[in-house]
Amino acid sequence: MKRRFLFLALAILLISGSCVSPSKPEPTPTSTPISAPTPTLAPTLIPSPSPTVARGQDGVLRLLGEDEDIETWDPHRTESSTTHRPLSFIYSKLFRLPESDGPVPYDRPPLPDLVERWEMTSPTTYVFHLRRGVRFHDKPPVSGRELVAEDVRYSLDRFRNSSLPSRAWWRAVDSIEAPDPYTVRINLSEPFAPLLFYLGGHFSWVLAREVDDAARSTPAGAIGTGPWFLKDYVPGARAVFQRNPAYFVPGLPYVEEIQWQMVKDTLTRRAALVSGLLDVMPVDKGLLAELKQGAPDLQVYEYIPLWGPGAQALAMRSDVPPFADVKVRRAVSLSFHRPAWRDTFLPGGGVDNALRQAQDNAAPVPAVLGWGLTLEQLGVAGRYSRFDVAQAQQFLAEAGYPKGLAIYLNFPQDRGYERKVEVLADFLLAVGITAELRSLSEGDYLKAVRGDYEGILFYSLPSLLEPDEWFFLQHSVAGGRNVSHARDPSLDEMLKRQAGLMDKKQRSEALEAIQKYVAEQVYYLYLPSAPQLEVSSP
């Protein structure tokens, strides 16, 4: 079994260099607009290649998309991974984040993508020089024209003026200028250490300014400079992406076509992988042996996810009683029994020490991130992340709840989380907190992650790689993802300071102080991450 950390979507990692080069000649490019697809009631898998063609040698990569449809083709309308994973085939950014087979190094400089070179002309002024000759996909109304600085200015301004929670990335940006076709200047109100990371972040796509807002939400408006262009789309079934022959990186992409297939049924997924209709898909450990019987050469990757179904947290509504009292929040954290949780949901067998450490030290952030402190490194500040029924009950009594209290434990329905919240409710009951389980519809859940809930919310973490993302967005009054409603002036000041520290050592020290402070305040309880498996054809 191959083991490694995957911090980006597996599909993107495969695309970036580990796929088999196509054996067929380059296809003839097409600029034919996408016609309106005929809706289907159930996904239709694209037929597998001829039996005489080895898997992977036909230049086609067959990926299992999410079990939900692509929400919109406009990258500034949603932060859903269901949407941004396929959009990553179409669009490019100024920078791309470095890949890593170990802990994610937040302070490693991002790699140039659309940028050829850049410099800081002052502590608050960045000048970026664009690659020349980068062209948009050959589709109307853009028709393959060259990308220029005005497209970058338009795209970043559109993002920072959007309603997305991640618009807080740009809080230090005063203005963005395009003084000539190949130069972009970003003026800041103050020094801002995360800027380059955010320019390579997962929402900072560069768009063509001719496409209006209405068209951009449709498949026909999905026009970028990325390695593939959208060839075909059937809602709820599949999206097909064709190799961009004019892509600006010589020799890339390796894959001629990506088939993004949306298959909800588990049995259909398994049969598709074994038969060659899918090349990559996630699996449960219990199904792995059965799958390998039908396809013994499958490659297996095990990793700790940092967001989504494998990474969850409890947010406590800290602006109102009872969780406005830190002693109640600490009692919740002390009720969490890590060994019991691990034995129930994270059974052993094949998880190496590095992955096990990442599971066991998931408070207040996963140590796998590289800048996250382990419980041992937290020292005294980590004492509330350890199981202690007596201490939890004492805190409840000191907070005015000697006989315990009743709260709501909210969770999204239809995601398989019922057993987890039942176990969490048992943990809470052991210290005197009675939790009434509330199953939320998708609409109510989306409202809850924006802060509209009572009690505790069990939710899946969004993608949070940069420390500023993790702490500012989730803990600041001005943060776009402050699910716990934290209102902490001391923490706000610490968060503002760390973002302005350009010296790596000074910022690292500031981040350590923040982690220790957050561990003591317990605005969130981060649950250990479950190892996930992806299997692919050899």
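Given the structure is predicted, the values throughout are model-derived calculations rather than measurements. (Residues numbered from 1 in each chain as written. Predicted model: local features only at pLDDT ≥ 70, side-chain atom pairs only at ≥ 80, totals over all residues. Heavy atoms only, no water.)

**What about the overall build of the protein chain?**
Cut-off, in case you're wondering: Numbering goes from the N terminus for both helices and strands, where a helix is a DSSP run of H or I of at least four residues and a strand is a run of E of at least two. To sort residues, take the accessible area from a 1.4 Å probe on protein chains only and compare it with the maximum for the residue type: under 20% means buried, over 50% means exposed, and anything in between is partly exposed. Between two residues, a contact is recorded if the distance between any of their heavy atoms is within 4.5 Å. For the accessible areas, the method is Shrake-Rupley and the probe is 1.4 Å, while residue cover comes only from the protein chains on display.
Assigned secondary structure in the protein chain consists of 17 helices and 19 strands. Looking at the 538 residues of the protein chain, the share that counts as buried comes to 55%. Summarising the internal contacts of the protein chain: among those between residues at least 6 apart in sequence, 70% fall at separations of at least 24. Within the structure as shown, the protein chain displays about 21900 Å² of accessible surface, and the carbon and sulfur contribution to it stands at 51%.

**A short note on the sheet that holds strand β5 (residues 115-122)**
Quick reminder of the rule: Here the rule is simple: two strands pair whenever DSSP picks up at least two bridges between them. Axis definition: a line fit to C-alpha positions, over the contact stretch in the case of helices; interaxial angles, taken between N-to-C directions, run 0 to 180 degrees.
Taking strand neighbours across the sheet as the criterion, the 4 strands line up as β5-β6-β8-β7 in an open arrangement whose pairing is antiparallel. The two strands at the open ends of the sheet, each matched to only one other strand, are β5 and β7 (173-180). Going from strand to strand, the sheet's axes swing by 20° on average, the running direction of each strand aside. Bridging between β5 and strand β6 (residues 125-130) involves 6 bridges; their strand directions are antiparallel. Across the sheet, residue Val115 finds its bridge partner in β6, namely Leu130. The sheet contacts of helix α3 (residues 149-160) involve β6, β7 and β8 (183-188), and relative to β7 the element is tilted by about 165°.

**Quick look at unusual backbone geometry**
With omega at 0°, the peptide bond leading from Leu252 into Pro253 counts as cis. Positionally, Pro253 belongs in the loop between β10 (238-243) and β11 (257-261). Here Pro321 and Pro322 are connected by a cis peptide whose omega angle stands at 0°. Relative to the elements of secondary structure, Pro322 occurs in the loop between β14 (312-316) and α8 (326-335). Of note in this structure, Ser143 is not a glycine but carries a positive phi near 55°. You can see Ser143 is positioned in the loop between β6 and α3.

**Some details on a nonpolar patch on the surface**
The test is simple: Each patch groups residues whose relative accessible area exceeds 30% and which form no salt bridge, using 9 Å between like charges and 5 Å between nonpolar side chains of Val, Leu, Ile, Met, Phe, Trp and Tyr. For this document, the term salt bridge refers to a Lys or Arg side-chain nitrogen within 4 Å of an Asp or Glu carboxyl oxygen.
Together, Trp118, Met120 and Met502 make up a nonpolar patch on the protein surface, roughly 270 Å² of accessible area in all. By relative accessible area, Trp118 is classed as partly exposed at 34%.

**Structural notes on the packing of aromatic side chains**
The condition is simple: Ring pairs are drawn from Phe, Tyr and Trp, using the six-membered ring of Trp, whenever the two centres fall within 6.5 Å, and their geometry is named by plane angle: stacked under 30 degrees, edge-to-face over 60, tilted for the rest. The rule is short: NZ of Lys or CZ of Arg within 6 Å of the ring centre and within 35 degrees of the ring normal puts a charge over the ring.
The tally for this structure, following the rule as stated, stands at 26 aromatic pairs. Taken together, a centroid distance of 5.7 Å and an interplanar angle of 70° make the contact between Phe89 and Trp260 edge-to-face. Here Trp260 lies in strand β11 and Phe89 lies in the loop between α2 (81-87) and β3 (95-96), a separation of 171 residues in the sequence. Trp260 carries the same exposure label as Phe89, and that label is buried. Taken together, a centroid distance of 5.9 Å and an interplanar angle of 75° make the contact between Phe95 and Phe128 edge-to-face. In this pair, Phe95 sits in strand β3 while Phe128 sits in strand β6, placing the two residues 33 residues apart along the sequence. Summarising the burial analysis for this pair, Phe95 and Phe128 share the class buried. Site record: aromatic cluster; members linked through ring pairs are Phe159, Trp169, Trp170, Phe192, Phe197, Tyr198 and Phe203. Arg317 extends its terminal NZ or CZ atom over the ring of Tyr453, reaching a point 6.0 Å from the ring centre.

**Details of α3**
Keep this limit in mind: A helix is expected to span 1.5 Å multiplied by its residue count minus one.
With 12 residues, α3 should reach 16 Å at 1.5 Å per residue; the first-to-last C-alpha distance of 17 Å fits that figure. In terms of burial, α3 is largely enclosed, as 9 of its 12 residues are buried. Along α3, the positions that sit buried rather than exposed are Ala149, Asp151, Val152, Tyr154, Ser155, Leu156, Asp157, Arg158 and Phe159. In the core, the buried residues of α3 are packed alongside β6, β7, β8, α4 (195-199) and α5 (213-216).

**Considerations on the packing of α8 against helix α13 (residues 418-431)**
Short version of the rule: In this scheme the crossing of two helices becomes right-handed for a clockwise turn of the near helix relative to the far one and left-handed for an anticlockwise turn of less than a right angle. Here the term charged refers only to Asp, Glu, Lys and Arg, the term nonpolar to Ala, Val, Leu, Ile, Met, Phe, Trp, Tyr, Cys and Pro, and the term polar to all other amino acids, Gly among them.
Between α8 and α13, the shortest axis-to-axis distance is 8 Å and the interhelical angle comes to 120°. Relative to α13, α8 is oriented so that their crossing is right-handed. Mapping the contact onto sequence places Ala331, Val332 and Ser335 in α8 and Phe427, Leu428 and Val431 in α13. Its residues assigned to classes, the contact of α8 with α13 shows 5 nonpolar, 1 polar and no charged.

**Section: the pattern of salt bridges**
Applying the stated criterion across every chain yields a total of 26 salt bridges. As a salt-bridge pair, Glu422 and Arg419 come within 3.8 Å of each other at their nearest N and O atoms. Placement of the pair is Glu422 and Arg419 together in helix α13, with a separation of 3 residues, close to one helical turn. Exposure remark for Glu422: the relative accessible area of 38% places this residue in the partly exposed category. Across the pair Glu509 and Lys505 runs a salt bridge, and its minimum N-O distance is 2.6 Å. Placement of both Glu509 and Lys505 in helix α17 (residues 504-521) is noted, with a separation of 4 residues, approximately one turn of the helix. Residue class for Glu509 comes out partly exposed when judged on its relative accessible area of 44%. One network of salt bridges, with partners in common, ties together Asp74, Arg77, Arg158 and Asp213.

**Details of the nonpolar core**
In plain terms, the rule: What is meant by a nonpolar core is a set of buried Ala, Val, Leu, Ile, Met, Phe, Trp, Tyr and Cys residues, joined one to another through side-chain atoms within 4.5 Å.
Leu94, Phe128, Trp170, Ile186, Leu199 and Tyr459 are the most contacted members of the largest nonpolar core, which totals 67 residues. Apart from residues lying up to four places away in sequence, Phe128 is in contact with Phe95, Val115, Arg117, Trp118, Tyr182, Thr183, Val184, Ile186, Leu196 and Leu199. In this structure, Phe336, Ala392, Leu409 and Leu428 belong to the second largest nonpolar core, which totals 33 residues.

**Section: the pairing of strand β19 (residues 532-536)**
Across the 5 residues that make up β19, a large majority, 4, are buried. Here strand β12 (residues 280-283) runs beside β19; their pairing, made up of 4 bridges, is antiparallel. Residue pairing across strands places Val280 opposite Ser536, the latter belonging to β19. For strand β13 (residues 299-303) and β19, the ladder comprises 5 bridges, and the chain directions are antiparallel. Of the residues in β19, the one forming a bridge with Tyr301 is Glu534.

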